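Report on the structure
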Amino acid sequence: MTDASSRPAPALPDVHALLALCEHAARRAGVVTVADRPRDLSVASTKSSPTDVVTEMDRRTETLLREILSAARPQDGLLGEEQGHETGSSGLTWVFDPIDGTVNYLYDIGVYAVSVAVVEGDPAVEGGWRPVAGCVHNPVTGATWTAGRGIGAFLDGRRLTMGEPPALDRALTGTGFGYFTGRRRTQARVVADLLPRVRDIRRIGCAAIDLCMVATGRLDVYFERGLHAWDLAAALLVVEEAGGVVRGIGGKPPAEAMVVAGARPLVDVLAAALEELDADGDDEPAPGGAQD
Ligand code: LIP
């Protein structure tokens, strides 16, 4: 009988098999978000602020994802936006956002995604994890981005390879905004400074799709403060496997403080500009100094 310390670490299962499960789960959940969306969908509850909304479909979709993934790989961990973190024993954790772009979903704007990734390490620790496979699926358009570590990134099966980026003043730049008014004041200040310095700004409302559009060449660069592992995990791998870079600023990893994604050198030029703007600094108080 060998003790645990002498047993070799479990080998990583085949990346292709993990990616297939990511895509299967994302597509299954996507069907539900479209087919079962109530005509009179309303806000079921709010989280960090009155505009940080959750619908019954966010909850239903996450429950379905958990059922699919835990049935297929019961020894793995689970981390979802709505129901939190369950640790596993395999060293792998499934990280998912059942509906990324919930406000778009609430308003029936067809730009949202089911994002499913499987990561090594601890997704609760910033910089403590890295994705192995991921899928970002827009169930309205059918657009499906997939990526496996070392096997490439794809849109609907077509290989993605990012080209040479433009200079900042010709860059179509994606971003997004948080739910706290103090955070939004900081973000407004940053966007106001960048707007005359870039080609244009796009605020799509779904971080996972923003990142995948960078990988697809539909945005030249993207930055956002306030993302969580479930927004980021799958799409980060799509960008990296397409030849891009996803980074933080101030020497930090891409995480809640800041995510910047694109191709070099443009991604580094934008990151430097964001550092100069103190874009990850303290949230700005309301006029008159009150914190809100
Ligand atoms: C959303 C992100 C989006 C961001 C929104 C929100 P959610 O995620 O995808 O980029 O700007 O504020 O965080 O909350 O819909 O899952």
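Residues numbered from 1 in each chain as written. Predicted model: local features only at pLDDT ≥ 70, side-chain atom pairs only at ≥ 80, totals over all residues. Heavy atoms only, no water.

A short note on the site of the ligand
With respect to spatial proximity, 15 residues lie near the ligand, and among them Asp100, Thr102, Phe177, Ala207 and Glu224 are the closest. Between the ligand and the protein, one listed contact pairs an oxygen atom with a side-chain N or O atom of arginine 203 at 2.8 Å. Contact between the ligand and alanine 207: an oxygen atom at 2.7 Å from a main-chain N or O atom of the residue. Alone, the ligand offers 370 Å² of accessible surface; in the complex the protein occludes 94% of this. Its atoms largely coinciding with the cavity grid, the ligand occupies the largest pocket. A total of three residues in the shell around the ligand trace back to one element, the largest contributor, which is strand β5 (residues 92-100). Residues belonging to the shell around the ligand are distributed by class as follows: five nonpolar, four polar and six charged. Counting contributing residues per domain, the shell around the ligand is built from domain 1 (12-159) and domain 2 (168-276), each supplying no fewer than three. (Near = heavy atom within 4 Å. Polar contact = N/O pair within 3.5 Å; in protein donor to acceptor, adjacent residues only side chain to side chain. Areas by Shrake-Rupley, 256 points an atom, 1.4 Å probe, with all protein chains shown as cover. 1 Å grid on protein atoms, 1.4 Å probe; cavity = no way out; pocket = protein on both sides within 12 Å on 5 of 7 lines; lining within 4 Å. Sits in = over half its atoms within 2 Å of the grid points. Helix = DSSP H or I, 4+ residues; strand = E, 2+ residues; numbered from the N terminus. Nonpolar A, V, L, I, M, F, W, Y, C, P; charged D, E, K, R; others polar. Domains from an automatic or database assignment.)

Details of the pattern of salt bridges
Using the criterion set out here, one finds 21 salt bridges in the structure. Between lysine 47 and glutamate 81 there is a salt bridge; the shortest N-O distance is 2.8 Å. Remark: glutamate 81 occurs in the loop between β3 (77-80) and β4 (84-86) and lysine 47 occurs in the loop between β1 (45-46) and β2 (53-54); sequence separation between them is 34 residues. Between arginine 189 and glutamate 284 there is a salt bridge, with its nearest N and O atoms 2.5 Å apart. Of this pair, arginine 189 sits in helix α4 (residues 181-194) while glutamate 284 sits in the segment after α7 (266-276), placing them 95 residues apart in sequence. Note on arginine 189: relative accessible area 31%, which makes it partly exposed. (Salt bridge = Lys/Arg side-chain N within 4 Å of Asp/Glu carboxyl O. Buried < 20%, exposed > 50% of the residue type's maximum accessible area, 1.4 Å probe, protein only.)

Some points on the sheet that holds strand β15 (residues 259-262)
Each strand in a sheet pairs with another by means of backbone hydrogen bonds, the pair being arranged parallel or else antiparallel. Spatially, the five strands line up as an open sheet ordered β12-β11-β13-β15-β14, and their pairing is mixed. With one partner strand each, in any of the chains shown, β12 (200-202) and β14 (245-247) form the two edges of the open sheet. Taken over all neighbouring pairs, the strand axes of this sheet differ in orientation by 20° on average, direction set aside. Bridge analysis of strand β13 (residues 221-224) against β15 gives four bridges, and the strand direction is antiparallel. Residue pairing in the sheet places phenylalanine 223 in a bridge with valine 260 of β15. Packed onto the sheet, helix α6 (residues 229-241) meets β14 and β15 and runs at close to 140° relative to β14. (Pairing = 2+ DSSP bridges. Axes fitted to C-alpha atoms, helices over the stretch in contact; angles between N-to-C directions. Contact = heavy atoms within 4.5 Å.)

Observations concerning the domain arrangement of the protein
Here the protein is described as being made up of domain 1 (12-159) and domain 2 (168-276). Taken residue by residue, the interface counts 43 residues in domain 1 and 26 residues in domain 2. Summed over both partners, the interface of domain 1 with domain 2 buries about 2,500 Å², with 70% contributed by carbon and sulfur atoms. The largest share of the area that domain 1 buries against domain 2 comes from Asp100, Trp129 and Trp145, three residues that together contribute 22% of it. For the interface between domain 1 and domain 2, the tally reads zero salt bridges. For the interface between domain 1 and domain 2, the tally reads six residue pairs in polar contact (both at pLDDT 80 or more). Of all the secondary structure elements, the ones that give two or more residues to the side of domain 1 that touches domain 2 are β3, β5, α3 (102-106), β6 (113-121), β7 (129-137), β8 (144-148) and β9 (152-155). Per-element accounting of the side of domain 1 that touches domain 2 gives the leading share, seven residues, to β7. In the side of domain 1 that touches domain 2, the residues fall into 22 nonpolar, 14 polar and seven charged. (Buried area = accessible area lost by both parts, 1.4 Å probe.)

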